[in-house]
Amino acid sequence: MGITKQYLRYVPWKNFNIVCHPDCNVVFVTLNGITDRYVAVGACENVIIWDLRLEKLVMTIEDEDMKNNTSKKISVVKLATTSESKHIAVGYSDGLVNTFNLATGELIGTFQGHRSAITALTYDTRGHMLASGSKDTEAVIWDVIAEKGLHRLSGHKGVVTGVQFINKHNVVVTSSKDTYIKFWDLTTGHCFKTLAGHITEVWTLSILRDDDFIVAGSNDAELRTWKISKMNDEESEVKMSELLTSDNLLDFASSIKCEKSGSLMREGPGRVVSSATDNTNHVVCVHGHGKLLELFIFSGDGEALERLHNRQRKFRKKASKRGETIEDTAFLNEKNPALQDVVRRLPSILTDYKIRSADLVVNQTHVKVVVSMANNTLAFYSLSLAVGREVKLIRKISLHGHRSNVRVLSFSSDNLAMFTGGSESIKMWSRKTLNCIRTVETSSAVQCLCVLPGDRHILAGLEDGKLLVIDIAAGDIIESISAHQKDLKSIYMLPDELGCVTGGGDSTVKLWQLELVTLPSSDQKVLSLLHLKTLELDENVQCARVSPDNKLLAVALLDNTVKIFFMDTFKHFIDLYGHTLPVNDMDISYDSSIIITASADKTIRIWGLDYGDCHRRLTTDSALTSIKFIPMTHQFFTTDKNGNIKHWDADVFERVLTLQGHRGECRNMSVSGNGYYVVSCGQDNVIRLYEKTEEPLVLEDEREEERAQEDDKELATGEETNVYGGPSVLALPTKKTISSEKAAELLLECLNVIKEYKDNLLESENKGVDKPTLPIIMTAFNVKTTDDYLLEIIKRIRSSELEEVLLLMPFSSVCYFMEAIIPLLSHMHHGIEPVVRSLVFLVQTLHKPISSVSDMIPILRQLNVLATMKTNEFRDLVGENFHSLMFINNSQEEEELVFNITQNVQKKRKRQKQKLLKSVIVNI
């Protein structure tokens, strides 16, 4: 059966209007060797990087899988960079962690180990390990190089709010809402110390000054500080003897000593929201829910001792002036600096709006701070490290987005510009570059927009009932007309382009005519509106539309009905009944034959305009917010409160396509005049632009793909991983995912194909016939032997999911898999690491059931010899390559050094020769 009707696919193109997302932190990143110029922020599912000097967007990092998957609506909630800023780690609201290359924006690794949103994310000093904390009360340590999980840290009873590495002690510190701070050994993954110094939740955690201090923020104004030091041998022996003789095992003998140093008092009210440290871990900034950002600097030992000596000197001087005897000799004999000697308060930063996150970098003389605020604005400050200097605002990025949620959108007639209205302004955007061209401030929220012919003026309806006439070129409001007593909800241009109709909350629809009037102060003529007619109604107007033939006026009212009037006389024609909740939006087709209505009762109704009969009632899964026809067709788009944008066909009454929507409610949408572009706005403060492609779309294939996406939402084998003959609960760092189930299916299929092919090969040898042909799937993978086929499948398994894939295999397949990898260990290849890793994990996890099978004992012995030998060979090969590269690098550095010295000597001789020549000429 051929395709009866062909559609073209609409795809997401770009997002804009977002400067910084309030749910994600801001971090400095290093690009082109510059550390204090570029910042990365979350923008829903993407990460964007801003140039603070040019106030320009320089890079967008996005995951292609999230862009193409319309059913997966997740957003970026946490960012972290390495000390060298080569990579950036991105934590998402579903517990996923991705790492990207900052230079190219390419995806490096994917780590799935959490069941809910990421709340904490940090790298170690070298950037080899990554720690993530989540709302599921657990933290996971990841090996970034090997792309695998190392430890799952389970012990907190509340949301993990902070994770930090103490690198010199090989320790990880976590904080949680359960009021505890826990210390974990990175070697074993066990908790060996717990700090219970807080009464309420611990919200922030920072490690300062070369891993010497821990600073934690809670619900009060105190920043509690602990001093970390390594326990010496004498103290360790005393601790151990006390532990052996005491019945109380709570005070465990640990390798580090943690002593309370005191508290830093904040000036801001309320709890701590977030904190950040600089790249040297000497300066920390904290803020609450308000506008105040406070900074503290932790000085070195030399400077702290000097302050202690100064305090002691002042104390002696005051005592001698008063003639008092010094009784407090303990303070004068003190040799260790107190917290007030170590910490110095820097000038605080007061912003214009509530702070959501901050980050800072420090050079020799200044601290540079970037602050993201709740009104979609980035502010860049600089302050000196010297005492008593003021804070300087360097830059503010606010032009590229609305301060609040966008409510209405509209295209220009040439489709080259877009207009958006928010609670405080109207902005004009270029469709090609997505840059903001004009901004016009308004007195109240914009409810509707209409672009006038010629694209030189726009009409805007406000919440206070005013109608604004705006000159686009000048960016000024020409006239403000009090059109309605209450909010103005709808503006629609007449088909003859000589006027417009407006509908408001005062139960009236008004007809206006465009005219040119002369300003009294000059002879210049400007555009204005002349009121012609008023239609009084019984209920508030939701929206008003005029048919393209200029004969009928449709008005949607708050009583769930749509009334149709004759345009010339305003006489009543017909009523459209059927909706159980008010109609939020409607549209009339280009041939004036049908009208479509979208209601809050989750239904779309298609009506005929000749008799007012309902052609079809279409049901959706959420309340609808807007509906628009594609010009010159009977196809239309709808938006709903689930954030979906759906493409429908009014001729066949079917849904064509569901586009990737917003996180939260999708408020409005507009279709370009040529039908090639769709733009939408929503609760997530992002404006999304979609474009029409030349890719044909078949409805049956689209439904099948949607069913596959629905099936992927649930795991076929359940959430829990059952281990055959092993422990009932296996705390792996990773979690079972759809991709791990698919990889397990691929591996099982590979083992079945190999087994079947070997059986056929053995049977053909016994019968003396020709060898069977290779299976088609092996040909598809471009391999010629079963060993290469198995190795190729193992390489295709994501490194972070290898353990989960192996646990999904049945025990019989595990035994055959261990037998099948013997040939892979017989010769050297680059895939030796995942093969040995699979073998070691299976033996560790399933040791009891494997050792109970008598046939597996010789296989295990053979694997033991081969794995040990090949691991040593591979280690020697890696070591040889590593030292060879180091030798080549050192040789190149020596050559460069010799070359530079030679060049400098030659330049010096040349200068001496020129100087000598000049002196000879002068003497002559």
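Fair warning: this is a prediction, and the values are worked out from it, not measured in the lab. By convention here, each chain's residues receive numbers from 1 onward along its written sequence. Local features are withheld for residues below a pLDDT of 70 in this predicted model, meaning they are given only at 70 or higher, and side-chain atom pairs are given and counted only at 80 or more; totals for whole chains, interfaces and linings count all residues. As a rule here, side-chain values come from all non-hydrogen atoms in the structure, and water together with hydrogens is ignored.

**Some thoughts on the overall build of the chain**
The line we're drawing: The numbering of helices and of strands both runs from the N terminus, where a helix is a DSSP run of H or I of at least 4 residues and a strand a run of E of at least 2. Working definition: with a 1.4 Å probe on protein chains only, accessible area under 20% of the residue-type maximum means buried, over 50% means exposed, and in between means partly exposed. Contact criterion: two residues are considered in contact whenever any of their non-hydrogen atoms come within 4.5 Å of each other. A 1.4 Å probe and the Shrake-Rupley method give the accessible areas. Residues count as covered only by the protein chains that appear here. Neither His nor the chain ends is counted toward charge; the positive residues are Lys and Arg and the negative residues Asp and Glu. Each charge is placed at NZ for Lys, CZ for Arg, CG for Asp and CD for Glu.
What the chain contains, in helices and strands, is 14 helices and 56 strands. Dimensions of the chain, computed from the C-alpha atoms along their principal axes, are close to 110 × 100 × 90 Å. Buried residues in the chain amount to 51% of all 924 residues. Of the contacts formed within the chain by residues at least 6 apart in sequence, a portion of 50% connects residues at least 24 apart. Summing over all exposed atoms, the chain offers an accessible surface of approximately 44,800 Å²; the carbon and sulfur share of this is 50%. In the chain, which carries 106 positive and 121 negative side-chain charges, the distance between the mean positions of the two groups comes to 8 Å.

**With respect to the pattern of salt bridges**
Worth spelling out the cut-off: The term salt bridge refers to a side-chain nitrogen of Lys or Arg lying within 4 Å of a carboxyl oxygen of Asp or Glu.
Summed over all chains, the structure comprises 29 salt bridges. As a salt-bridge pair, Glu803 and Arg837 come within 3.0 Å of each other at their nearest N and O atoms. Taken as a pair, Glu803 in helix 10 (residues 802-807) and Arg837 in helix 12 (residues 832-845) lie far apart in primary sequence, 34 residues in all. Residue class for Arg837 comes out buried when judged on its relative accessible area of 17%. Residues joined by salt bridges that share partners form a network here, namely Glu45, Arg663, Asp684 and Arg688.

**Brief notes about the side chain of Glu424**
Here is the rule we go by: Whenever two N or O atoms come within 3.5 Å, that pair is a polar contact, provided that in protein one can donate a hydrogen and the other can accept it, and provided that, for residues adjacent in sequence, both atoms are side-chain atoms.
Mapping Glu424 onto the fold places it in the loop between strand 31 (417-421) and strand 32 (425-430). Arg403 provides the closest opposite charge to the buried, salt-bridge-free Glu424, at an N-O distance of 5.5 Å. In this structure the side chain of Glu424 is engaged in a polar contact, spanning 2.7 Å, whose partner is the side chain of Ser425.

**Some words on unusual backbone geometry**
A positive phi angle, near 60 degrees, is found at Leu434, a position not held by glycine. Inspection of the secondary structure puts Leu434 in the loop between strand 32 and strand 33 (436-441). Overall, the relative accessible area of 11% leaves Leu434 in the buried class. A positive phi angle, near 65 degrees, is found at Met632, a position not held by glycine. One can find Met632 in the loop between strand 50 (624-629) and strand 51 (635-640). The exposure class assigned to Met632 is exposed, which follows from its relative accessible area of 60%.

**A closer look at the sheet that holds strand 22 (residues 274-277)**
The strands that make up a sheet are held in pairs by hydrogen bonds between backbone atoms, and each pair lies either parallel or antiparallel. Quick note on the threshold: Strand pairing follows a simple DSSP-based rule, namely that at least 2 bridges must link the two strands. Simply put, an axis is a line fit to the C-alpha atoms, just over the touching stretch for a helix, and the angle between two N-to-C directions goes from 0 to 180 degrees.
Spatial ordering of the open sheet is given by 22-23-24-25, a layout of four strands whose pairing is antiparallel. Strands with a single pairing partner mark the edges of an open sheet, and in this sheet they are strand 22 and strand 25 (343-350). Neighbour-to-neighbour, the strand axes of the sheet open up by a mean angle of 20 degrees, direction not taken into account. Both strand 24 (residues 292-298) and strand 25 contribute to a ladder of six bridges, which runs antiparallel. Each residue of the ladder has a partner; that of Leu292, found in strand 25, is Leu350.

Geometric descriptors of this kind do not, in isolation, establish any biological role.
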